[in-house]
Amino acid sequence: MKKVELINVSKSYDKQVNVISSINVTIEPGEFFVLVGPSGCGKSTMLRMIAGLEEITEGTLKIGDRVANDLPASRRDLSMVFQNYALYPHLTVQQNITFGLDVKRMKKEEQRAKAKEVAEMLGLTEYLGRKPRELSGGQRQRVALARAIVGETPICLMDEPLSNLDAKLRAHMRSEIRRLQRKLGITMIYVTHDQVEAMTMGDRIMILHEGKIQQVGKPIDIYNYPANPFVATFIGSPPMNLAPATFDKKTNELNVANQIKVSVQTDDLELGEGQNITVGVRPEHLQPVTSNDDIKEQFEVEVTNVEILGNETVFSFQMGESEWMAKWSGQWHIEIGDQLPVKLSYDSFSIFDSASGQLMKKAVDHGHYASQSGVSP
Amino acid sequence: MKKVELINVSKSYDKQVNVISSINVTIEPGEFFVLVGPSGCGKSTMLRMIAGLEEITEGTLKIGDRVANDLPASRRDLSMVFQNYALYPHLTVQQNITFGLDVKRMKKEEQRAKAKEVAEMLGLTEYLGRKPRELSGGQRQRVALARAIVGETPICLMDEPLSNLDAKLRAHMRSEIRRLQRKLGITMIYVTHDQVEAMTMGDRIMILHEGKIQQVGKPIDIYNYPANPFVATFIGSPPMNLAPATFDKKTNELNVANQIKVSVQTDDLELGEGQNITVGVRPEHLQPVTSNDDIKEQFEVEVTNVEILGNETVFSFQMGESEWMAKWSGQWHIEIGDQLPVKLSYDSFSIFDSASGQLMKKAVDHGHYASQSGVSP
Amino acid sequence: MTSWKRFWKRSIDGRTAILYLLPSVILFSVFVFYPMFRTIYLSFFLTDQAGNAAINVGFENYEYLMGSSEFRNSMKATVLFVLYTVPIGIILALFFALLANEKLKGIGFFRTMYSSTMGISVAASSVIWLFMFNPSIGMFNRLLGVFNLPQIQWLLDPEWALLSVSISTIWMNIGFSFLILLGGLQNIDEHLYESAKIDGAGYFYRLRRITLPMLSPTLFFIITISLINAFQTFGQIDILTKGGPSQSTNLIVYSIYREAFINYQFGTASAQAVILFIIILIVTILQFKLGERKVHYQ
Amino acid sequence: MRTSLPQKIWLYFLLIVTSAFVFFPVAYAFMISFMTGPEIIQGKFFPESFNFDNYIKVFSRLPLLNYLLNSFIVSLSVMVGQLVVCSLAAYAFVFFKFKGRDFIFFLFISTMMIPWEATMIPNVFTIRKLDWFNTYQGLTLPFFALAFGTFLLRQHFLTIPKELHEASQIAGLSRFKFFWKVVLPISKTSLVTLGAYGFLTTWNMYLWPLLITTNQSVRTVQIGLKQLQSQEIATEWGVVMAGVIVVIIPTLLLLFIGQKQLQKGLSQGALK
Amino acid sequence: ACTNSDSSNNSSSSSSNSNGESSSSSENGSGEDKVTIEFWHAMSGSGQESIDEIVKGFNESQDKYQVNAEFQGSYEESLTKLRGVGGTKDAPAITQVFEVGTKYMIDSGYIEPMQSFIDKDNYDLSQLEENILNYYRVDGKLYSMPFNSSTPVMIYNKDAFKEAGLDPEKAPETFSEVIDAAAKLKTDEMYGFSMLTYGWFFEQLVATQGGLYVNEDNGRSGDATEALFNGPEGLNVFRFLDTMNKAGTFGNFGTNWDDIRSAFATGKVAMYMDSSAGVAGAINNAPFEVGVAYIPHADEVQRNGVVIGGASLWMSKGIAEEEQEAAWEFMKYLTTHEVQAKWHLDTGYFAINPKAYDEEIVKEKWAEYPQYKVTVDQLQDTIPGLATQGALISVFPESRQQIVTALEELYQGKDPQEVLDKAAEGTNRAMEIANKTKE
Ligand SMILES: Nc1ncnc2c1ncn2[C@@H]1O[C@H](COP(=O)(O)OP(=O)(O)OP(=O)(O)O)[C@@H](O)[C@H]1O
Ligand SMILES: Nc1ncnc2c1ncn2[C@@H]1O[C@H](COP(=O)(O)OP(=O)(O)OP(=O)(O)O)[C@@H](O)[C@H]1O
Ligand SMILES: [Mg+2]
Ligand SMILES: [Mg+2]
C-alpha cells in the first residue's frame, strides 16, 4: 500500500518533446488506477517513469512519501508487466516467473510453490519447463503477467497485460487481477485499450491525450459526463456521436448539424443565440421508435452501414458532415439504404462549448432501477 | 485472389505433438477469413504454416492450385502481420514499410509515395524517420500493419494486428482493412481475440480449439447456432450461459440445474426422459421483466456481481453450480445481493447433448425488423 | 552541500563502474601501460647491450628511422600486408560463416573444420606452410607442375614472398574470424528473416538488408581486430621468411623484434614500436569514427 | 527456414570443398606425422604406411603428458581469468553511464595496439621482481586483462535488448545479479568464443612461457614442440609433425565442444 | 637415437624456485648435500637428447654435484632470458651461447672467464683442439668452454657428378672450378650450386681467403669500428655467387636450413654448403651417394681454412662458489674424450678433444661414413691466423642480417660492390652505437 504522486511531471525524448507534459495526479494507496488514451499518447512513458526506467525531465515523482526521482528502479519495490513482455529468453517459464523472488532471498521450495500457484491461476502449468520462444503469444503474455503478480509488491504497473488473450480468458483474468489487487491491497496502475477493462476494473480512470490529462474520475462518471468531446468519443464503443449545433432562442430548439431540430425542455443551460456548441449523443440513446412514442422526438435516417455484433446491432447514418452510429440491442435485419425512424431525446444530449471543449450540459442520468415487482423506467 | 486450401494438415513441435491436427479447410479467393480460438490453440502456428515459416508435419497445403508444402516463404507472394511485429530494428519506419517493395524492385519514388499513403492511413506520417525502438507499442503495431498492407499481395495473413490499438483507432482500422481487402480482392486470413472484429470483419469465422476445428461459418450463424458448448461460450461476450438440464416428459418441462423449470412449447425436439442435456442461454436473453410479461416465463435470482459497462450492465447470479450472467442494455442500479426477476423464454435456449456436445436445438432467430412506421417485435 | 550530495548520488554509476574495471585497470597498468611508458622513454635513448638507457639522443632515433629506407620499406610492406590480408580474410570468413550458419545435418563438423585453424599455433601452422611453399617439395609447386605451369619461388621471390605470407596468414586467421562471425550470425533474431522471407526477399537481398546490418557490431569488431592484428603480425614472418627476401616481408613488428632481440638496439626498436603504436592508433580512431556510425546496436 | 534438395546439395558441395581447403594443411601435417625422413624430403602426400614410430618418439623424448597437463592448467586459468576480468569490464562499459566512459574504453582498446614484443622485456623484469618465475601465476596473470576480450564482450552486450535490463531492475536485481543472471547467460555465444580464443591462444603461446620458465616444472607443450626441432642439425619433421598433431588434438576437441555450445545458444528468440 | 625419457624426467625435477611436481624432486632431494646447478642450453631435437644423456652420465659419475640441463629456446631466446637474470644469483651456473655472442658475453660482465679455473686447476688445455680454442681465446685468455662446434663444408651429389661427366671423388676446390662444375651440373631439374642465405657462410668464404671481417685485427685487439668485409675478399665471394646466379646455375633456396637440404635431397641442386653438423642428415636423407668436400676458395689465394661456428659454455659470475666448482667439474667431464666421442656421433658436431676420434665407436662410424673425416680434416688443416680465428664483434647478429639482405639483393641482380658496401655501412653504424653506449 503505497501512494504514487506525480507533481508537474513532464517528459521529453530526443526526438519528441513533451511526450508527457505537466502531469499532476495522486494515485491513492490500494487504488486500482486505469490509464487510457490513444496510441502514442504517453501511457507507457508514464508507467516507465514511475518504474524508474525513464528519466523524469521535469517535476517530482513521489512514491509513498518519498521523492523518488533519483531512486533506482531496482529499489522502488514495484512490479511491472511490459507492453512487450520483456521475458528472459534464456530462462524457462518457471525461472522467468521466479526471477524476482530469487532476489528477495525466498527459499527455493517456496519459490517453486509460488510459481506453481500463479501458473495454475494463469493456465501455464504445462508450460513451466519451456523457454519463451516455444510459447504462443498469449502464453508469453501470461508469463509476463505471472512474473508481475508473483512478487506481491505494493505497487504494480501493468501495460496492456491482457491484449493478446481471448475474450474468455480475458474475462477470467480481469476478475483474478481485481481479486488479487483487492486482497493484497496493491496500488495498481493499469494501462489498457479495452473498454470493458477500463470500465469494470478501475476505481478511477485517467484519460491521457497527447501527454495531457483530459479527465480523471470514476469510470461511470466519465462515461456519463465526459469532460470534453475527446473523452466523449474516446470512452464508449461505438463512440459518442458528435455534431455541431446552434440554439434557436425563439423556438427553444437546438438545430443539430442543420439537419434535425430538438426542442430544449429545461432552462438549466445558459445558451446564447448562435453560440457554437457541439452536441453529443451516445449510440445507445438513438433508440428504435416504438408505436407509442412521441412523434416529436423522432427523426428518420438513411442507413449507410450495418454491423451485427451478435447481441447488438450497430448502424451508421450521416448527420451533417459526420457519421453517426446507433446501437440497438439484439440482432436487427437492417440493410444499407434503409430509411429508419430513430428516437432521440434532449435528455440524452451532452453539450460542449465548441470553442473551449468544456462540457456545458450533462446527459441526464439514465439509470434504470429494477425491483422485485418489475422494472421501473 | 488466390485460394488457400489445407488438406489434412497437422503440425507437431518437438515439445508438443499435434499442435494442429488434421485441419481441412478451404479459404476462397477474396474471402475474409477470421481465425479465433483460445490462447495457445494453434492459430499462429496455422498462419505460419501457410506463410511457409513452419514445416508442415503432415498433410497438404495448396495455395492457388499449387501444392505449396515445399514452396519457400519468399515465393508464396503473401504478406503477414506478425503477432510480435518482427520489425527490423535497424531500419526506419519508412524503410520497414518499403522493405518488401524494394524486394520487388519498385522505383524509389513510387515506394516513397506508397509508404506515405499507407502511413497517412495509419497515422504514422510523423514517425516515418524513426527507428522502431523510438515508437510506442501501438505505433509499432501499426508499422507492422503498414508493412503488410503496402505490398498489396493477393494473400494477407494478420495475427492479431490491432491488439495494441485503442478502441477508436481500432474501429477505424477495422473498416480500413475491410475496405482495402474488398477493393484489392485480397484473400485475408485474420487472427483475432476481439469479438467485434470477429463478428464484423469476417466473411467466415473458424473456431479452433486445441488444434482442432470446432466450427466454420458465417459470424452470425456461429453466434446464433454454435455447434457445441465450446463455441457457444467462446463467441459472445459475456459468454453464453450453460447449465445441465433434464427433460420432464410428463410436465413437458425442462428442469435447468434443478433450479428453474421452463416449459417446452414445441415438439421439434426428440428428448428422452432423463436424457442429459445442456442448455445454453445468451446473457442478453435474460431480460428484465416488464409489467406486462407472462409470469410463467420469469424467475428470480440473487445478484452476485455487477459490472456497469456504460451502455450496458452485466450482472451475475448462481445457476446450479455455474455462474450465469445477464446483460441488460443501459445502466442499471443493481447492488450485489439484490433479488431480481428475470425473464427467460424457451425460444432462446440452445440445447446440446451433454455427452457428444452436439447442438440439438437452435435458439429461435431473434431478429428484429425495423420499418418506417415503427418497430415490429 | 546538497549539490555535492546530488552529485554523489548521481555518480553512483561511475563509482560502481570503477569496481568492475579495477581488475583490468590494475593488470593493464602493470603489464601494458608501464612497459609502454618504458618503451616511449627508451625510444629517446641509445641503449647499451643490456638494454638500459645509455645516451639520451632526443628524437634522433625517430629521425634516423624517418630517413632510413629500410624502415620506409618496412612500413610499405606492413601496409601492403594489411591490405592483402584483412579484406580477403574477413570476406572469406564471412562466406564460411554464412555457409556454416545453415541448419543442416552435420553442420557442427564443418564448423569445427572451419575453425580448426584457430587451434593450431602460428608456429605449427607456419611450419606446415613452409612445407607447402617449399620450392622443391612443396605442394604448391607440385600442383603447378601438374598443370605444367612455371614454378613459383613462393617465399624467395621478393615479388611473391609478401603474397605468400599473406596467403598463409589469411588461412591462420580464418578460423578465428569465422568463429566470431558465426557467433554474431547466430545472435540475429530469426523473426527478422521470417519477416523478410514473407516479403519475398531472396537470399542476397536478406544478406544485404538484414544480415549485414544486424551483423554490423560483429563486423565492426572483427575488422578492428583484424586490422590491429595484421599490423602486429610476427610469428609467421619469423618462421617463413625472416623478413626476406630483400626485406620484402620485413613487417614492422618483425623489424622491432630483430632490433630488440637480435641486434639489442632497444632505442630504435622502441622508436619503431612507438611509431607503430601511433599508426595503429590513428587507423583505429578512424575506424571508430567512421565505422561505428554505421553500426547498428539494439 | 527450410531448404530444398538442390539447395542442400549445393550447400553441402560448397561446405565440403571449402572446408577441405581450410583443413588441408592440417590433414597434410597429419600425413607427415607418419612419414620417415626421406619420405618427407621427397615431398609425398601419403605415407607409405601408417606406423606410429614418430609418435612413440615424441612421447619418449619429451615428458609430453606433463607438458600437456601444464598447458591445460595454464590455458584453463587464463581462459577463466579472461572471462571474469573482461566480462566485468565490458559490463561496466555497456551498462554503466559515467563520465569518460568512452575515453577509458578507448584507452583499453589502445592497449591492443601496443606490440606485445615491445612490452615483453619489461614484463619479464616485472615477473622476476615479483619472484614469479616458474610459477603458474607468472604464466597466466599478465593475460587476464584483455582489451580484445573486453571489446568482444562489449560488442555483444550492446546487442542485449534494453528491456531485459529494465525488467531486471523492476525485479529489484542488483547490478551484479543482473550481470550474473541475465547478461552472462544471454551472452553465451560470445563467452564461448572468447573462452575458446583465450584457451587456444594460451595453449599456443610460446615465447612468454619460455621466457619466464627456466625448468620443466610448469612448462607448456609449445616449448616441447620447439624442442623437437633443431637448427643446424637436420630436423626430424615426422616427429615434429607428430608432436604438432598431438598438440592439436585437444584444441580441436575443444573447438568441437565449443561448437556444440554455440549451437545451443542459437537465436534466443524475441522477448515478445 | 635411443630413449632417454628417464633422463629428461630427472633433469626436469628440482629447481631453485619451482612449484612443480614434488614426486621426483623428493627423490633428488635425497642428496641434500649435493650442489645443484643449472645448465641452460639451446639444443633441441637430437642435440638435446644427447645433452640429457651426458648430464645423466655426469650426475651418476659422482655424488657431489647435480646438474640440471634445461632447454631455454633458441640461442637468441636463451640469451634474452639470460639478460633477465645475468649477474644475479638466479643465473644458471652454465649457459650455452652461440659463437657470435662471444664478444657480447665478455663485455656483459655476467661471466667468470674459464681461464681462472684452468689456471687454478692447472687444467691441460693442450688436449683440446687448438683451432677451436682459438676462437674463444681473447687476449690469450679462454673465456668459455667450446662445446658444440661446427664448420661449413661443401656437400655434393656424387651421382650427379657422374652423370655430368665429373669425377665424383674430386670435388671442385676453387671458385672458378665450382663455377665450371656448376655449369656442367646444371640441368632443367637441377641447379649446380647453392648456398644458404646466411651470413656465416659468407664469413667462411672470406676467412678462407685470409680476409678479415672487421678492423682492429678482426676485433681481437680492440673494439672494432669498421667493417672490412666489403674489401676484395668479400667482393670475390659476391662475384663468385653473382657469376653463377647470372649464369642460371645457382639455386636460391632461401634462409631456411631445411629448404636447402630438401632441395639437395630431391636432386634440385648438386652442390651446396652446409654445416658439418648436417652431414649425417644429408647422407641419410639422400637417395643417392653424397660427397663432402672442403669449402671452395678464390683461385688466386691459398686456402686458409675455416672459422669455428656453433656455441660454447659460459660460467656465471655472482653465483655461489661451490656452484662454480660444480660447473667447472661438469665442464671437465664434458671435455673427456669418451663424452666427446659420444657427442660427436650423436650430433655430428666436432669433438673438442681430438682423442675422441681414436675411440673405437668413432672409428667404426667413420668407416661407415668416410665423409665425417673430411670435416675433421678441414678443421685440422686450417691455418691459424686472425682470419680463421674469427671476428669478434658485439653486433654480429645484426651484421649477419645485413649480409643476408645484401645476398638477397645480389640474387635480384644488384651490383655486388654496391650491396656489400651497404651492408658494411649498416654494420659500421651498429658498431658505432655499440661502442658509444658501452661505457
Ligand atoms: N517452438 C515451439 N515449440 C514447442 N511448442 C510450441 C512452439 N511454438 C508454439 N508452441 C505451442 O504450440 C501451441 C500453439 O501455439 P500458437 O502460437 O499457434 O498459439 P496461438 O493460437 O497463436 O495462441 P495465442 O493466441 O496465444 O497467440 C501452444 O501451446 C504453444 O505452446
Ligand atoms: N525512445 C523514444 N524516442 C523518441 N520518442 C519516443 C521514444 N519512446 C516513445 N516515444 C514517443 O513518445 C510517445 C509516447 O509513447 P508511449 O510509448 O508512452 O505511448 P503509449 O501511450 O504507451 O502508446 P501505445 O498505446 O501505442 O503503447 C509516442 O509518440 C512515441 O512515438
Ligand atoms: Mg504503450
Ligand atoms: Mg498466436
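Rules used throughout
Residues numbered from 1 in each chain as written. Chains lettered and ligands numbered in written order. Predicted model: local features only at pLDDT ≥ 70, side-chain atom pairs only at ≥ 80, totals over all residues. Heavy atoms only, no water. Helix = DSSP H or I, 4+ residues; strand = E, 2+ residues; numbered from the N terminus. Rg over C-alpha atoms; globule rule 2.2 N^0.38 Å. Buried < 20%, exposed > 50% of the residue type's maximum accessible area, 1.4 Å probe, protein only. Contact = heavy atoms within 4.5 Å. Areas by Shrake-Rupley, 256 points an atom, 1.4 Å probe, with all protein chains shown as cover. Donors = N, O, S within 2.8 Å, 3.2 Å for Na, K, Ca; no water. Near = heavy atom within 4 Å. Polar contact = N/O pair within 3.5 Å; in protein donor to acceptor, adjacent residues only side chain to side chain. Nonpolar A, V, L, I, M, F, W, Y, C, P; charged D, E, K, R; others polar. Pairing = 2+ DSSP bridges. Axes fitted to C-alpha atoms, helices over the stretch in contact; angles between N-to-C directions. Salt bridge = Lys/Arg side-chain N within 4 Å of Asp/Glu carboxyl O. Phe/Tyr/Trp six-rings, centres within 6.5 Å; stacked < 30°, edge-to-face > 60°.

A.B. asks: Just to check I follow, could you spell out the overall build of chain E for this structure?
C.D. replies: Secondary structure assignment for chain E yields 21 helices and 13 strands. Expected size for 439 residues packed as a compact globule is a radius of gyration near 22 Å; at 22 Å, chain E falls within 12% of this value. With the C-alpha coordinates aligned to their principal axes, the bounding extent of chain E is approximately 65 × 50 × 40 Å. When the 439 residues of chain E are sorted by exposure, 65% land in the buried category. Nonlocal contacts in chain E, meaning residues at least 24 apart in sequence, comprise 76% of its contacts between residues at least 6 apart. Carbon together with sulfur atoms contributes 45% to the accessible area of chain E, which is approximately 15000 Å² in total.

A.B. asks: Would you mind showing me how to read the arrangement of the chains here?
C.D. replies: Across the eight pairs of chains in contact, the largest number of contacts is found between chains C and D. Separating chain B from chain E is a minimum C-alpha gap of 51 Å, and the two share no contact.

A.B. asks: What is the right way to look at the coordination of the magnesium ion (ligand 3) in this model?
C.D. replies: The expected angle between donors at a tetrahedral four-coordinate metal is 109.5 degrees. At an octahedral six-coordinate metal it is 90 or 180 degrees. All names here are of chain A. Coordination sphere of the magnesium ion (ligand 3), protein contribution only: S44 (OG) and Q83 (OE1), at 1.8 to 2.1 Å. Taken together, the positions of S44 in helix α1 (residues 43-51) and Q83 in the loop between β6 (78-81) and α2 (93-103) put the pair 39 residues apart, joining distant regions of the chain. For the pair formed by S44 and Q83, the shared burial category is buried.

A.B. asks: Which parts of the structure should I look at to understand the site of ligand 2?
C.D. replies: In the vicinity of ligand 2, 22 residues are found, and the nearest of them are K43, S44 and T45 of chain A together with S136 and G138 of chain B. Around ligand 2 the close residues trace back to chains A and B. Contact between ligand 2 and C41 of chain A: an oxygen atom at 3.3 Å from a main-chain N or O atom of the residue. In the environment of ligand 2, an oxygen atom lies 2.8 Å from a nitrogen or oxygen atom belonging to the side chain of R130 of chain B. Coverage of ligand 2 by the protein amounts to 92% of the 630 Å² it exposes when considered alone. Sorting the residues of the shell around ligand 2 by element identifies α1 of chain A together with α4 (137-150) of chain B as the ones contributing at least two each. Class assignment for the residues of the shell around ligand 2 results in five nonpolar, 12 polar and five charged.

A.B. asks: Even after reading the chapter, I still don't get the sheet that holds β6 of chain A, so can you show me in this structure?
C.D. replies: By definition, the strands of a sheet pair up through backbone hydrogen bonds, in either a parallel or an antiparallel sense. All names here are of chain A. Strand order across the open sheet formed by six strands is β6-β7-β8-β3-β9-β10, with mixed pairing between neighbours. If you trace the sheet from one side to the other, it starts and ends with β6 and β10 (212-217), each paired once. Neighbouring strand axes in the sheet, compared pairwise and without regard to direction, differ in orientation by 15 degrees on average. As judged from the five bridges shared by strand β7 (residues 155-159) and strand β8 (residues 187-191), these two strands associate in the parallel manner. In the sheet register, I155 faces β8, and the bridge partner there is T187.

A.B. asks: When you look at the pattern of salt bridges in this model, what are you seeing that I'm missing?
C.D. replies: Any two side chains of opposite charge can pair, on the condition that their charged atoms come close. Evaluated as defined, the whole model comprises 44 salt bridges over all chains. Notably, a salt bridge pairs E54 of chain B with R48 of chain B, separated by 2.8 Å at the nearest N-O pair. By the burial criterion, E54 of chain B is buried, and R48 of chain B matches it. Each of K158, K162, E169 and E289 of chain E takes part in one network of salt bridges that share partners.

A.B. asks: What am I meant to see in the side chain of N134 of chain D here?
C.D. replies: Positionally, N134 of chain D belongs in the loop between α6 (116-129) and α7 (136-140). Only 2.6 Å separates the side chain of N134 of chain D from the backbone nitrogen of T214 of chain D, close enough to count as a polar contact.

A.B. asks: Honestly, the sheet that holds strand β4 (residues 58-63) of chain A in this entry has me stumped. Any pointers?
C.D. replies: All names here are of chain A. Strand order in the open sheet made by the four strands is β2-β1-β4-β5, with antiparallel pairing throughout. The open sheet has two edge strands with one neighbour each: β2 (20-27) and β5 (66-67). In this structure, strand β1 (residues 4-11) lies alongside β4, joined through five bridges in antiparallel fashion. Paired with S10 across the bridge in β4 is E58.

A.B. asks: Any chance you could explain the coordination of the magnesium ion (ligand 4) here in plain terms?
C.D. replies: The coordination sphere of the magnesium ion (ligand 4) contains the protein donors S44 of chain B (OG) and Q83 of chain B (OE1), at a distance range of 1.8 to 2.1 Å. When its relative accessible area of 12% is taken as the criterion, Q83 of chain B is described as buried.

A.B. asks: When you look at the pairing of strand β17 (residues 312-319) of chain A in this model, what are you seeing that I'm missing?
C.D. replies: Moving residue by residue along a regular strand, the side chains alternate between the two faces of the sheet. Residues and elements named next belong to chain A. Along β17, seven of the eight residues are buried, which leaves the element largely enclosed by surrounding structure. Of the pairings in the sheet, the one linking strand β16 (residues 298-308) to β17 comprises five bridges and is antiparallel in character. Across the sheet, the residue bridging to I308 is T313, located in β17. Two successive antiparallel strands, β16 and β17, enclose a turn made up of three residues, where G310 displays a positive phi of approximately 105 degrees. Taken together, the eight bridges between β17 and strand β18 (residues 322-329) define a ladder with antiparallel strand orientation. Within the sheet, the bridge partner assigned to F315 lies in β18 and is A326. Taken together, β17 and the strand that follows it, β18, pair antiparallel across an intervening segment of two residues, in which G320 is found at a positive phi of about 60 degrees.

A.B. asks: I would appreciate a short explanation of the site of ligand 1 in the present structure.
C.D. replies: The full set close to ligand 1 counts 22 residues, and S136 and G138 of chain A together with K43, S44 and T45 of chain B are the nearest of them. One finds residues of chains A and B in close proximity to ligand 1. The contact in question runs from an oxygen atom of ligand 1 to an N or O atom on the side chain of S136 of chain A, over 2.6 Å. Bound to the protein, ligand 1 loses 92% of the 630 Å² it would expose on its own. Listing elements by their share of the shell around ligand 1, those giving two or more residues are α4 (137-150) of chain A together with α1 (43-51) of chain B.

A.B. asks: Help me understand the packing of aromatic side chains in this model?
C.D. replies: Each aromatic ring pair is characterised by the separation of its centres together with the angle its planes make. What the rule picks out here adds up to 103 aromatic pairs over all chains. Taking 4.9 Å as the distance between ring centres and 80 degrees as the angle between the ring planes, the aromatic pair formed by F28 of chain C and F108 of chain D counts as edge-to-face. Here F28 of chain C is found in helix α2 (residues 12-42), whereas its partner F108 of chain D is found in helix α5 (residues 101-110) on a different chain. Of the residues examined, F108 of chain D reaches a relative accessible area of 3% and is grouped as buried.

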